[in-house]
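# Chain and residue survey
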Amino acid sequence: MKINLTDTARLLHDAQTVILTSHIRPDGDSIGSTLGLMHFLRSLGKEARVLIDDELPRTFRVLPGLDTIERPEEGQRYTADLLVVCDVELRRTGAVVPSVDALRVLNIDHHVTNDEEAEYLYLDPSRAATCEIICEIIREMGGTCSLDMATCLYTGIATDTGFFRFSNTTPHTMRTAADLIEIGVKPNIISVAMEMKSYDEVMAQVRAIRNLEMFYDGKVAAVFIDEERAKEVKTTEGLLDKLRVIEGTQIVFFMKWLEHDTYRVSMRSKGVNVSRIAQEFDGGGHIRAAGCTLHAPFDEARSMILAAIGRALSE
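As the structure is a prediction and not an experimental result, all values here were calculated from the model.

## As for helix 8 (residues 199-209)
Residues of helix 8 that are buried include every one of E201, A204, Q205 and A208, and no others. The buried residues of helix 8 all sit within an arc of 100 degrees when viewed along its axis, so they share a single face. In this fold, the buried residues of helix 8 make contact with strand 7 (220-225) and helix 10 (239-243).

## Points about the sheet that holds strand 4 (residues 100-109)
The sheet built from five strands is open, its strands ordered 2-1-3-4-5 with parallel pairing. The sheet is open, and its two borders are formed by strand 2 (47-50) and strand 5 (120-123), each paired with just one other strand. When strand polarity is set aside, the average angle formed by the axes of neighbouring strands in this sheet is 20 degrees. Across the sheet, helix 2 (residues 28-43) touches strand 1 (17-21), strand 2, strand 3 (78-86) and strand 4, and the angle it forms with strand 2 is around 165 degrees. Seen against the sheet, helix 4 (residues 130-140) touches strand 3, strand 4 and strand 5 and runs at an angle of roughly 105 degrees to strand 4.

## As for unusual backbone geometry
Backbone phi values are negative for most residues with the exception of glycine, while trans is the configuration of most peptide bonds. Located in the positive-phi region is F164, a residue other than glycine, with phi close to 70 degrees. Here Y216, not a glycine, exhibits a phi torsion of approximately 50 degrees, which is positive. Tracing the sequence through the fold places Y216 in the loop between strand 6 (213-215) and strand 7.

## Points about the packing of helix 4 against helix 6 (residues 171-183)
Packing of helix 4 against helix 6 leaves a shortest axis separation of 10 Å and a crossing angle of 65 degrees. Compared by their axis directions, helix 4 and helix 6 come out roughly perpendicular. For the crossing formed where helix 4 meets helix 6, the hand is left-handed. Between helix 4, through E132, C135, E136 and R139, and helix 6, the contact on the second element is made entirely by H172, T173, T176, D179 and L180.

## As for the packing of helix 4 against helix 5 (residues 147-160)
A pair of packed helices can be characterised by two numbers: the angle between their axes and the separation between those axes. Relative to each other, helix 4 and helix 5 sit at 140 degrees, their axes nearing to 8 Å. Every residue of helix 5 that contacts helix 4 at C131, E132, I134, C135 and I138 is listed here: M149, C152, L153, G156 and I157.

## Quick word on the sheet that holds strand 9 (residues 262-269)
The strand order across the open sheet formed by six strands is 6-7-8-9-11-10, and the pairing between neighbours is mixed. In this open sheet, the two strands that pair with only one neighbour each are strand 6 and strand 10 (284-285).

## What to know about the UniProt feature "domain: DHHA1" (unreviewed entry) in the protein chain
With numbering aligned to this structure, UniProt lists the feature "domain: DHHA1" (unreviewed entry) at residues 219-310. Structurally, residues 219-310 is divided into 30% helix and 35% strand, and its ends, taken at the C-alpha atoms, are 10 Å apart.

## A look at the packing of aromatic side chains
The tally for this structure, following the rule as stated, stands at five aromatic pairs. Here the aromatic rings of Y154 and F164 are separated by 6.0 Å at their centres, their planes lie at 50 degrees, and the arrangement is tilted. With a gap of 10 residues between them, Y154 in helix 5 and F164 in the loop between helix 5 and helix 6 connect regions that are remote in the sequence. When its relative accessible area of 4% is taken as the criterion, Y154 is described as buried. F164 sits in the partly exposed class, given a relative accessible area of 22%. Seen from their ring centres, F224 and F298 are 6.4 Å apart, and the 80 degrees between their planes marks the pair as edge-to-face. Of this pair, F224 sits in strand 7 while F298 is found in helix 12 (residues 298-314), placing the two residues 74 residues apart along the sequence. Given the relative accessible area of 1%, F224 is considered buried. Among the aromatic residues, ring-to-ring pairing joins F215, F224, F253, Y263 and F298 into one connected group.

## As for the side chain of T236
Within the secondary structure, T236 sits in the loop between helix 9 (227-230) and helix 10. Given a relative accessible area of 10%, T236 falls into the buried group. Every residue in contact with T236, bar those within four places of it in the chain, is listed here: Q205, I225, F254, K256 and R264.

## Quick look at the pairing of strand 7
Where burial is concerned, most of strand 7 is hidden: six out of the six residues are buried. Residues V220, A222 and F224 line one face of strand 7 and the alternating positions A221, V223 and I225 line the opposite face, and both faces are buried. In this structure, strand 6 lies alongside strand 7, joined through three bridges in antiparallel fashion. Across the sheet, residue F215 finds its bridge partner in strand 7, namely V220. Counting the residues in the hairpin turn of strand 6 and strand 7 gives four residues, including Y216, whose phi is positive at 50 degrees. With six bridges joining them, strand 7 and strand 8 (residues 251-259) adopt parallel strand pairing. Counterpart to F224 in the pairing with strand 8 is M255.

Conventions and cut-offs
- Position numbers for residues count from 1 along each chain, tracking the sequence in the order it is written.
- Reporting of local features is limited, given that this is a predicted model, to residues whose pLDDT is at least 70; pairs of side-chain atoms are given and counted only at 80 or more, and all residues count toward the totals for whole chains, interfaces and linings.
- Side-chain measures were taken over the full set of non-hydrogen atoms in the model, leaving aside hydrogen atoms and water.
- In this scheme, a residue with accessible area under 20% of its type's maximum is buried, one over 50% is exposed, and one in between is partly exposed, where area comes from a 1.4 Å probe on protein chains only.
- Starting at the N terminus, helices and strands are each numbered in turn, a helix being any DSSP run of H or I of at least four residues and a strand any DSSP run of E of at least two.
- What the arc covers is the set of directions going from the helix axis to the C-beta atoms.
- By definition in these notes, contact holds between two residues if any of their heavy atoms fall within 4.5 Å.
- Here, strands pair whenever DSSP counts at least two bridges between them.
- The axes are straight lines fitted to the C-alpha atoms, using for helices just the contacting stretch, and the angles between their N-to-C directions are given from 0 to 180°.
- Roughly parallel here means an angle under 35 degrees, roughly antiparallel means over 145, roughly perpendicular means 65 to 115, and every remaining angle is called oblique.
- Definitions for this section: a left-handed crossing has its near helix turned counterclockwise from the far helix by less than a right angle. A right-handed crossing has that turn clockwise.
- UniProt positions are given in the numbering used here, feature names are shortened, and annotations may be inferred rather than shown by experiment.
- When two rings of Phe, Tyr or Trp (its six-membered ring) have centres within 6.5 Å they constitute a pair, described as stacked for plane angles under 30 degrees, edge-to-face for angles over 60, and tilted for the intermediate range.

See the structure below:
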């Protein structure tokens, strides 16, 4: 059931014990929104914890409270007055949602592809990041951001907008970021932390880019990372930013091996609605940035995603 901002604030106000979670393969917005809201709820005297069913990228070590995030233990049950799922629909949280017994479930999201299956859903696709929504919720509840909250929330907004370069950046986004900077957030520290890579990670991405392929008369640039190449390419963070600058491209993407006959696809677009492509494979995201998981042998998965992109371009 869709609810408004006031109802969302009321649910959070009435709960004393809260579990927060987000999607597997967490990014800046998922980690920033859960941590930022956790810090705020704890400041109100509530018992709040974050469970995320995946490894956390080391680039986010700059975020206050990152070390408090827990990974659900197999077979363990968790209880709470309220389960809050941030930045994704319920089905993409791994083992978290099935392991939590909560009186109420609240979904806070900004993705237009949200399946709207949550008991309570606050969805605002006009916001560039879920962290932008969390800032509005805090204001609605009469609260103010501490520096720890602001650091987490700014990081989510900055990363989901490509540090304010993507088309989802709005005047409201910039005003929200400015408010967080006034609290004391240092944008340079966040940007340096997010961009930092080891020598091995840089060289692995160089090797990945050497396998760049072009399709559809130069409108599509792609990197395919099979099981053998995945042994070298441990991180793909920032890879698409390097591809999207290629002149004439409409869509850039990579397909990376995760496990047997399972591949992760991440896409960026300059015009085509890639969220529709992702939805064909039970994925989701934004109009200009989306992702999905393919379950097929490498050659078949490659053909599947290229065909779907071709159809989208022809439309």
